[in-house]
Amino acid sequence: MAFNEKIRKDYQNQLSEIKGAGIFKEERLIHSTQAADIEVEFPTGSSLEKVINMCANNYLGLSSHPDVLKAAHEGLDHRGYGMSSVRFICGTQDIHKELERRVTEFLGTEDTILFPSCMDANAGVFEAILGEEDVMISDRLVHASIIDGIRLCSAQHDTFKHSNMEHLENKLQLHENKRNKIVITDGVFSMDGDTAKLDEMVTLCDKYNAMLFVDDSHASGFIGPTGRGTHEKYGVMGKIDIITTTFGKALGGASGGCVSGRAELVEMCRQKARPYLFSNTIAPVVVSGILKVMDILSGSTERRDKLEANADWWRQGLSEAGFVLQPGDTPIVPVMLFNAKLAQDFSTDLYKEGIYATGFFFPVVPKGKARIRTQISAGHEMHHLEKALDAFIKVGRKYDILGKTKQEIIDRYGM
Ligand SMILES: *Cc1c(COP(=O)(O)O)cnc(C)c1O
């Protein structure tokens, strides 16, 4: 018998261990659209609560934007529901090519190829362009999907300490005689909200003849003066060889990803990237929605400007209230609590105050660095932010952490 009682017991034990370690993940059911105001059933089976969402990647507030919905409806009517094929057989519509053109223009690159997700883009890209004689040198804090892509690729692999340019240079020297070198980083690191020093990285890559890869999933649409991404912020547009990004965050939030960059590298992906060759691409209805998102972003910087103002207000408000924050200048604002149980209890109390913000702790972040990661949106109005700040202050008082230093919080609650 395949799934016999012994095997079942074994998996039950593994699940109990996960629960025992306090790292069991539970879903919270949302009964509304994704927005600043949501209706949540948590725990499952309890009554619906109206809460303010402070932890979505809905940076530009476009997930439920009426114009995007309208465009998606029209796309559904004109291009149907599904393609029932991968791209190169009979799964490519005119709108897929149009979206690739629009993304290329927006990011300031040479060409773009769509993937079902950014996870798939990262899983497929390295294997498609690198071989055994090449080396991938990645920041130690890159996203899990990049780590998977690295695992799937036969090229050699090395890492450098997070955002440490001296260490990166050492590694570039160490691998100087390798055939192709590629330096790999996130643009914005999602746990801390810090940005990669892309200007310095471009200089180093030029000096050592290395390609530069940036995953800008937490940046595309809102980082930089016109929201093109981290490369715009650092003044190095046109100098990043490969950018991967997602349409599942700021850019409408549905799904999909892409590889954008040097024409030959993108063409290599079309020829060889397995998630592109063997999996359906973004559904027509979603492509239609994303095209509208591109229209909205190309027409005006209003949303990214509002997001920036909101994030500045929020960061300053928390800071003045006496919270320990992770420093940065992105809409990701981590409130540091250090202790995992404190982060969980804090999140539960916030929820009772009508604020939805999940606690993050090991293994999502290192031990002793537990936090509530807040994420600001252009969909937040001042009344949302004021209510959320009041709730944070109320709960912060309850645990007596306002105005306390990192050490004082750790002394009281432990790591
Ligand atoms: C969210 C995220 C992804 C995955 O994006 P999907 O399109 O949802 O697969 C990849 N890389 C980074 C850095 C991300 O933050």
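Residues numbered from 1 in each chain as written. Predicted model: local features only at pLDDT ≥ 70, side-chain atom pairs only at ≥ 80, totals over all residues. Heavy atoms only, no water.

Undergrad: What is the right way to look at the overall build of the protein chain in this model?
TA: Looking only at helices and strands, one finds 16 helices and 14 strands in the protein chain. Computed over C-alpha atoms, the radius of gyration of the protein chain comes to 22 Å, within 12% of the 22 Å expected from 2.2 N^0.38 for 415 residues, which places it in the range of a compact globule. Reported as C-alpha extents along the three principal axes, the dimensions of the protein chain are approximately 60 × 60 × 55 Å. Per-residue burial over the protein chain gives 52% buried out of 415 residues. Within the protein chain, residue pairs in contact and separated by at least 24 positions form 69% of the contacts whose partners lie at least 6 positions apart. Summed over all atoms, the accessible surface of the protein chain reaches about 19000 Å², with 51% contributed by carbon and sulfur. Of the side chains in the protein chain, 48 bear a positive and 57 a negative charge, and the two mean positions are spaced by 4 Å. (Helix = DSSP H or I, 4+ residues; strand = E, 2+ residues; numbered from the N terminus. Rg over C-alpha atoms; globule rule 2.2 N^0.38 Å. Buried < 20%, exposed > 50% of the residue type's maximum accessible area, 1.4 Å probe, protein only. Contact = heavy atoms within 4.5 Å. Areas by Shrake-Rupley, 256 points an atom, 1.4 Å probe, with all protein chains shown as cover. Lys, Arg positive; Asp, Glu negative; His and termini not counted. Charge placed at Lys NZ, Arg CZ, Asp CG, Glu CD.)

Undergrad: When you look at the site of the ligand in this model, what are you seeing that I'm missing?
TA: Not every one of the 13 residues close to the ligand is listed here, only the nearest: Cys118, Asp215, His218, Thr246 and Lys249. Met119 is positioned such that a nitrogen or oxygen atom in its backbone is 2.9 Å from an oxygen atom of the ligand. Between the ligand and Lys249, the relevant distance is 2.6 Å, taken from an oxygen atom to a side-chain nitrogen or oxygen of the residue. Protein coverage of the free-state accessible area of the ligand, which is 380 Å², stands at 82%. Broken down by element, the residue count for the shell around the ligand peaks at three residues, all from helix α5 (residues 118-129). A per-class count over the shell around the ligand returns two nonpolar, eight polar and three charged. (Near = heavy atom within 4 Å. Polar contact = N/O pair within 3.5 Å; in protein donor to acceptor, adjacent residues only side chain to side chain. Nonpolar A, V, L, I, M, F, W, Y, C, P; charged D, E, K, R; others polar.)

Undergrad: Would you explain the sheet that holds strand β3 (residues 48-53) in this entry?
TA: Sheets are built from strands that pair by backbone hydrogen bonding, the pairs being arranged parallel or antiparallel. The strand order β1-β2-β3-β12 describes an open sheet built from four strands, whose pairing is mixed. Every interior strand has two partners, whereas the edge strands, β1 (29-30) and β12 (355-356), have only one. Where β3 and β12 come together, two bridges link them in parallel fashion. Within β12, the residue paired with Ile52 across the bridge is Ile355. (Pairing = 2+ DSSP bridges.)

Undergrad: I tried to follow the packing of aromatic side chains on my own but got confused; where do I start?
TA: The description of an aromatic ring pair uses the distance of the two centres, along with the angle that the planes make with each other. Scanning all chains against the criterion turns up twelve aromatic pairs. An angle of 80° between the planes, with centres 6.4 Å apart, marks the rings of Tyr351 and Tyr356 as edge-to-face. With respect to burial, Tyr351 and Tyr356 carry one shared label: buried. Ring-pair connections join several aromatic residues into one group, and the members of that group are Trp314, Phe323, Phe346, Phe392, Tyr399 and Tyr413. (Phe/Tyr/Trp six-rings, centres within 6.5 Å; stacked < 30°, edge-to-face > 60°.)

Undergrad: Whenever I open this one, the domain arrangement of the protein chain confuses me. Can you help?
TA: You'll often see interface size given as the accessible area lost when the parts meet. Domain boundaries in the protein chain define domain 1 (23-53 + 302-413) and domain 2 (66-299). Relative placement of domain 1 and domain 2: their C-alpha centres are 29 Å apart. Listed as interface residues are 16 residues of domain 1 and, on the opposing side, 17 residues of domain 2. Interface area, domain 1 with domain 2, both sides summed: about 1100 Å², of which 57% is carbon and sulfur. Among the residues domain 1 hides against domain 2, the three largest losses belong to Arg304, Thr330 and Ile332. Together they make up 41% of the total. (Domains from an automatic or database assignment. Buried area = accessible area lost by both parts, 1.4 Å probe.)

Undergrad: I'm lost on the nonpolar core in this one. Help?
TA: Residues Trp314, Phe346 and Phe392 are the most contacted members of the largest nonpolar core, which totals 85 residues. The greatest single-element share of this core, amounting to eight residues, is contributed by helix α12 (residues 284-299). Counting only domains with at least three residues in this core, you end up with domain 1 (23-53 + 302-413) and domain 2 (66-299). Sequence-distant contacts of Phe346, that is, excluding residues within four places in its chain, are made with Phe323, Leu337, Ile372, Phe392, Val395, Gly396, Tyr399 and Ile401. (Core = buried A, V, L, I, M, F, W, Y, C linked by side-chain atoms within 4.5 Å.)

Undergrad: Quick question: what am I supposed to make of the packing of helix α4 (residues 94-107) against α12 here?
TA: When two helices pack together, you describe them by how their axes are tilted relative to each other and by the distance separating the axes. The N-to-C vectors of α4 and α12 enclose an angle of 30°; their axes lie 10 Å apart at closest approach. What the angle tells us is that α4 and α12 run roughly parallel. The way α4 lies across α12 gives a crossing that is left-handed. Across from Ile95, His96, Glu98, Leu99, Arg102, Val103 and Phe106 in α4, the residues of α12 making contact are Pro284, Val287, Ser288, Ile290, Leu291, Met294, Asp295, Leu297 and Ser298. (Axes fitted to C-alpha atoms, helices over the stretch in contact; angles between N-to-C directions. Parallel < 35°, antiparallel > 145°, perpendicular 65-115°, else oblique. Left-handed = near helix turned anticlockwise from the far one by under 90°.)

Undergrad: Teacher, can you tell me more about the pattern of salt bridges here?
TA: Counted under the stated rule, the structure contains 29 salt bridges. The shortest N-O distance in the salt bridge between Lys207 and Glu169 comes to 2.9 Å. On the criterion of sequence distance, the pair formed by Lys207 in helix α8 (residues 198-207) and Glu169 in helix α7 (residues 165-174) is long-range, its members being 38 residues apart. On the accessibility criterion, Lys207 (56% relative accessible area) is exposed. (Salt bridge = Lys/Arg side-chain N within 4 Å of Asp/Glu carboxyl O.)

Undergrad: Help me understand the packing of α5 against helix α10 (residues 263-272) in this model?
TA: Two numbers describe how α5 lies on α10: the axes approach to 9 Å, and their chain directions differ by 100°. Between α5 and α10, the angle falls in the class roughly perpendicular. Where α5 abuts α10, its residues Val125, Ala128 and Ile129 lie against Leu265, Met268, Cys269 and Lys272. Residues belonging to the contact of α5 with α10 are distributed by class as follows: six nonpolar, no polar and one charged.

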